[in-house]
Amino acid sequence: EQGTAYITGTKMKVRQIVLEKNVWGLTPEEIQQGHDHLSLAQIYAALAYYYDHAQTIDAEIVAAKQVVDRLRTEQPNPHNRSTFGQHRAGNP
(Lines give C-alpha, C1' and ligand atoms only; values in the text may rest on other atoms or scores of the structure.)
Protein backbone atom coordinates (compact mmCIF):
# COMPACT_ATOMS: atom_id res chain seq x y z
CA GLU A 1 0.00 0.00 0.00
CA GLN A 2 1.70 3.17 -1.24
CA GLY A 3 5.12 1.58 -0.71
CA THR A 4 4.57 0.93 2.99
CA ALA A 5 5.87 -2.40 4.28
CA TYR A 6 3.39 -4.48 6.29
CA ILE A 7 3.82 -7.78 8.09
CA THR A 8 2.23 -10.36 5.80
CA GLY A 9 -1.36 -11.19 6.73
CA THR A 10 -1.69 -8.29 9.19
CA LYS A 11 -2.34 -4.58 9.28
CA MET A 12 0.88 -4.03 11.24
CA LYS A 13 3.45 -1.79 9.59
CA VAL A 14 7.09 -2.81 9.76
CA ARG A 15 7.95 0.72 10.87
CA GLN A 16 5.80 0.26 13.99
CA ILE A 17 7.92 -2.70 15.05
CA VAL A 18 11.06 -0.69 14.29
CA LEU A 19 9.84 2.23 16.42
CA GLU A 20 9.05 -0.05 19.33
CA LYS A 21 12.54 -1.54 19.15
CA ASN A 22 14.55 1.60 18.43
CA VAL A 23 12.59 4.29 20.28
CA TRP A 24 11.09 2.35 23.18
CA GLY A 25 14.03 -0.05 23.47
CA LEU A 26 11.82 -3.14 23.51
CA THR A 27 13.17 -6.58 22.75
CA PRO A 28 11.43 -8.69 20.11
CA GLU A 29 9.95 -10.76 22.93
CA GLU A 30 8.54 -7.63 24.61
CA ILE A 31 7.13 -6.42 21.31
CA GLN A 32 5.43 -9.80 20.82
CA GLN A 33 3.85 -9.56 24.29
CA GLY A 34 2.26 -6.28 23.26
CA HIS A 35 1.07 -7.69 19.93
CA ASP A 36 -0.07 -11.19 20.71
CA HIS A 37 -1.52 -11.55 17.20
CA LEU A 38 2.06 -11.57 15.88
CA SER A 39 4.44 -14.48 16.20
CA LEU A 40 8.00 -13.95 17.31
CA ALA A 41 9.06 -15.14 13.85
CA GLN A 42 6.98 -12.35 12.25
CA ILE A 43 8.64 -9.76 14.46
CA TYR A 44 12.11 -11.02 13.63
CA ALA A 45 11.16 -11.10 9.94
CA ALA A 46 9.98 -7.48 10.17
CA LEU A 47 13.26 -6.47 11.77
CA ALA A 48 15.25 -8.39 9.14
CA TYR A 49 13.25 -6.60 6.43
CA TYR A 50 14.05 -3.30 8.13
CA TYR A 51 17.78 -4.00 8.19
CA ASP A 52 17.65 -4.67 4.45
CA HIS A 53 15.57 -1.52 3.77
CA ALA A 54 16.56 0.80 6.62
CA GLN A 55 17.00 3.92 4.49
CA THR A 56 13.50 3.63 3.01
CA ILE A 57 11.78 2.82 6.30
CA ASP A 58 13.70 5.53 8.18
CA ALA A 59 12.48 8.00 5.54
CA GLU A 60 8.89 6.77 6.12
CA ILE A 61 9.29 7.37 9.84
CA VAL A 62 10.58 10.91 9.28
CA ALA A 63 7.77 11.68 6.80
CA ALA A 64 5.09 10.34 9.18
CA LYS A 65 6.49 12.45 12.03
CA GLN A 66 6.45 15.54 9.81
CA VAL A 67 2.77 14.96 9.02
CA VAL A 68 1.93 14.60 12.72
CA ASP A 69 3.91 17.73 13.60
CA ARG A 70 2.19 19.71 10.82
CA LEU A 71 -1.26 18.55 11.93
CA ARG A 72 -0.51 19.44 15.56
CA THR A 73 0.53 22.92 14.45
CA GLU A 74 -2.52 23.40 12.22
CA GLN A 75 -5.01 21.96 14.71
CA PRO A 76 -3.71 22.32 18.25
CA ASN A 77 -5.36 20.26 20.96
CA PRO A 78 -7.31 22.59 23.28
CA HIS A 79 -7.08 19.95 26.02
CA ASN A 80 -3.34 19.80 26.61
CA ARG A 81 -1.38 19.79 29.85
CA SER A 82 -1.05 23.57 30.01
CA THR A 83 -4.82 24.09 29.98
CA PHE A 84 -5.85 20.99 31.94
CA GLY A 85 -5.56 22.65 35.35
CA GLN A 86 -7.50 25.72 34.18
CA HIS A 87 -10.42 23.63 32.98
CA ARG A 88 -10.51 21.60 36.17
CA ALA A 89 -10.66 24.76 38.25
CA GLY A 90 -13.73 25.89 36.34
CA ASN A 91 -11.89 28.38 34.17
CA PRO A 92 -12.75 28.41 30.46
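Residues numbered from 1 in each chain as written. Predicted model: local features only at pLDDT ≥ 70, side-chain atom pairs only at ≥ 80, totals over all residues. Heavy atoms only, no water.

Peer 1: How would you summarise the packing of helix α3 (residues 40–52) against helix α4 (residues 54–74) if you had to cite specific residues and measurements?
Peer 2: Close contact between α3 and α4 brings their axes to 5 Å; oriented N to C, the two are set at 100 degrees. When the axes of α3 and α4 are compared, the pair comes out roughly perpendicular. Contact residues: α3 offers Y49, Y50, Y51 and D52, while α4 offers A54, I57 and D58. Among the residues forming the contact of α3 with α4, the class breakdown is 5 nonpolar, no polar and 2 charged. (Axes fitted to C-alpha atoms, helices over the stretch in contact; angles between N-to-C directions. Helix = DSSP H or I, 4+ residues; strand = E, 2+ residues; numbered from the N terminus. Parallel < 35°, antiparallel > 145°, perpendicular 65-115°, else oblique. Contact = heavy atoms within 4.5 Å. Nonpolar A, V, L, I, M, F, W, Y, C, P; charged D, E, K, R; others polar.)

Peer 1: Requested: an account of the packing of helix α1 (residues 14–22) against α4, with residues and values cited.
Peer 2: For the pair α1 and α4, the least separation of the axes is 10 Å and the interaxial angle reads 85 degrees. Accordingly, the angle class assigned to the pair α1 and α4 is roughly perpendicular. Side by side, α1 and α4 meet where V14, R15, V18 and L19 of the first sit next to I57, E60, I61 and A64 of the second.

Peer 1: For the nonpolar core, give the residues involved together with the corresponding values.
Peer 2: In terms of nonpolar packing, the biggest core is built from 14 residues, with I7, V14, I17, L38 and I43 touching the most fellow members. Taken together, the elements giving at least two residues each to this core come down to α1, α3 and α4. Element by element, the count of residues in this core is highest for α3, at 4 residues. For I43, the contacting residues outside a window of four places in its chain are I17, P28, I31, Q32 and L38. (Core = buried A, V, L, I, M, F, W, Y, C linked by side-chain atoms within 4.5 Å. Buried < 20%, exposed > 50% of the residue type's maximum accessible area, 1.4 Å probe, protein only.)

Peer 1: Go over the pattern of salt bridges, please, and point to the residues and values.
Peer 2: Across all of its chains, the model carries 3 salt bridges by this definition. The salt bridge partner of R15 is E60, with a shortest N-O separation of 3.0 Å. Of the two residues, R15 sits in helix α1 while E60 sits in helix α4, which places them 45 residues apart along the sequence. Overall, R15 belongs to the buried group, its relative accessible area being 17%. (Salt bridge = Lys/Arg side-chain N within 4 Å of Asp/Glu carboxyl O.)

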